[in-house]
Amino acid sequence: PVFGTKKVKGTSESLELVVALDISNSMNTRDISDDLSRLDISKRAMIQLINNLHGEKIGISLFANNAFVHLPVTSDYGAAKLFIEDIETDMISSQGTNIGMALGISARMFSKQKTTKGIILITDGEDHEGSLEESIAELKEKNLQLAILGIGTKKGGLIPKNPYRPNLGYKTDALGKTVVSKLNEAFIQKLATQTGGTATVSSSEFPDLSALLTEINQMKRTKIDTLEFDIKQQRYQVPLFLAILFWLAFLLWSKNYVGLLDKWIKR
């Protein structure tokens, strides 16, 4: 039997993630696959990441030489996937790779709730600009954890002038020499070391996110003890007590069992 209600306190574990995605022109390079650019593969990795989340909130920031919030932190995974599909490198006209600004924008996207917060940076590390000292200090001050996913190859590739029509030619420098974009793995590893984070590099069309997912699962979840809610009051104790009482009486009375009560009455 269940009737009435009672108030109980509970705990909740929460984790917020912001994915900072590099959309500089170098992400149009097709050095991993002839059919897919680094950006295409990065977007595929983000979808895969979302498919492995279980209740964590996620937000998206985009950056090149500037950075902006593409999707505020949300638990709506369907909306997040739609926003990912729309990402293109022409969403920022000012080119470059200003990771410092990306980290700064991402660090300000989180809620004020007492939760564990982490940033996932996806980049090729190419053409890095600006200073990182202030951004690294901000991450440490706010106790934000950083995981980096590097996309690209050491051999590198050419940057198409038009990502949809590579046959139109490739970007050149001021001297007219064709630019070759390479994964800057050394920078990625150094940034991970400076921030106390982790770095994973992928040169596959289907990035292996096992290390990244393990890092997310190992992030310390903060328990919030402020939850209070009503639950229905269980009233099983009374019938359970009566059942045990009658069961004991049956054992004492039955001749097939102890029969102590029958012997006592006959006396």
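Residues numbered from 1 in each chain as written. Predicted model: local features only at pLDDT ≥ 70, side-chain atom pairs only at ≥ 80, totals over all residues. Heavy atoms only, no water.

1. A closer look at helix 6 (residues 210-218)
Buried residues of helix 6: Leu212, Leu213, Glu215 and Ile216, and no others. Take helix 6 and look down its axis: the buried residues cluster within an arc of 155 degrees, on one side only. Opposite the packed face of helix 6, turned more than 90 degrees from it, sit the exposed residues Asn217 and Gln218. (Buried < 20%, exposed > 50% of the residue type's maximum accessible area, 1.4 Å probe, protein only. Helix = DSSP H or I, 4+ residues; strand = E, 2+ residues; numbered from the N terminus. Arc of directions from axis to C-beta.)

2. A word on the side chain of Arg38
As for its position among the elements, Arg38 is in helix 1 (residues 38-51). Looking at Arg38, its side chain comes within polar contact range of the side chain of Asp31, at 2.8 Å. Discounting residues that sit within four places of it in the chain, Arg38 has contacts with Ser26, Met27, Thr29, Asp31, Asp124, Ile151, Gly152, Gly156, Gly157, Ser181, Lys182 and Leu183. (Polar contact = N/O pair within 3.5 Å; in protein donor to acceptor, adjacent residues only side chain to side chain. Contact = heavy atoms within 4.5 Å.)

3. Observations regarding the packing of helix 1 against helix 2 (residues 77-85)
Viewed as axis vectors pointing N to C, helix 1 and helix 2 meet at an angle of 175 degrees, and their least axial separation amounts to 10 Å. The angle between the axes of helix 1 and helix 2 places the two elements in the roughly antiparallel class. Residue-level inspection shows Lys43, Met46, Ile47, Ile50 and Asn51 of helix 1 in contact with helix 2, the latter providing Tyr77, Ala80, Lys81, Ile84 and Glu85. In the contact of helix 1 with helix 2, the residues fall into six nonpolar, one polar and three charged. (Axes fitted to C-alpha atoms, helices over the stretch in contact; angles between N-to-C directions. Parallel < 35°, antiparallel > 145°, perpendicular 65-115°, else oblique. Nonpolar A, V, L, I, M, F, W, Y, C, P; charged D, E, K, R; others polar.)

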